[in-house]
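Take a look at the letters that make up each chain.
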Amino acid sequence: MLNSPWLVPLPLDQYLNYRVAVYSWRNEQWIPIKYCRLSRAIELYHRVLLETNQEVFVFPADLDPESFKLM
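The paragraphs below set out a description of the structure included in this document. Computed from a prediction, not measured in an experiment: that's the story for all the values here.

**Comments concerning the nonpolar core**
Okay, so step 1: Ranked by size, the top nonpolar core spans seven residues in total: V20, V22, C36, L38, A41, L44 and V56.
Okay, so step 2: For this core, the secondary-structure elements that each account for two or more residues are β1 (19-26) and α1 (38-52).
Okay, so step 3: With three residues, α1 is the largest single contributor of residues to this core.

**Some remarks on unusual backbone geometry**
Okay, so step 1: For N27, which is not glycine, the phi dihedral falls at a positive 50 degrees.
Okay, so step 2: Looking at where N27 falls in the secondary structure, it is placed in the loop between β1 and β2 (29-37).
Okay, so step 3: Residues other than glycine seldom take positive phi values, yet N53 does so here, at roughly 60 degrees.
Okay, so step 4: Along the chain, N53 turns up in the loop between α1 and β3 (57-60).

**With respect to the pairing of β2**
Okay, so step 1: Here β1 runs beside β2; their pairing, made up of eight bridges, is antiparallel. Directly across from Y23, in β2, lies its bridge partner P32.
Okay, so step 2: In this structure, the hairpin formed by β1 and β2 is closed by a connection of two residues, where N27 is found at a positive phi of approximately 50 degrees.

**Side note on the pairing of β1**
The side chains of a regular strand alternate, residue by residue, between the two faces of the sheet.
Okay, so step 1: Relative to β3, β1 runs antiparallel, the two being bridged by four bridges. Bridging from a neighbouring strand, Y23 pairs with F57 of β3.

Basis of the calculations
- Residues numbered from 1 in each chain as written.
- Predicted model: local features only at pLDDT ≥ 70, side-chain atom pairs only at ≥ 80, totals over all residues.
- Heavy atoms only, no water.
- Core = buried A, V, L, I, M, F, W, Y, C linked by side-chain atoms within 4.5 Å.
- Buried < 20%, exposed > 50% of the residue type's maximum accessible area, 1.4 Å probe, protein only.
- Helix = DSSP H or I, 4+ residues; strand = E, 2+ residues; numbered from the N terminus.
- Pairing = 2+ DSSP bridges.

These figures come from the coordinates and say nothing about function on their own.
Here it is in structure tokens:
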């Protein structure tokens with residue numbers, strides 16, 4: 001599990017229908033899970049955390065987290 005000092009507030013209602021990508025971090029790589037609306041991604045985040053005690057990460061649909069990997 002990644003630990004981050006960043007705190008991200010919940011989005012405003014106007015952004016809940018934006019398309020996002022949901023990823024998991026495993027074995028030192030980002031694994032894409034699905035594309036969905038932000039409101040659905042928030043629900044998915046809470047369900048995965050509750051059922052598996054793992055975290056998923058939400059990114060804008062056009063952002064590839066692999067492009068930010070540290071060398």
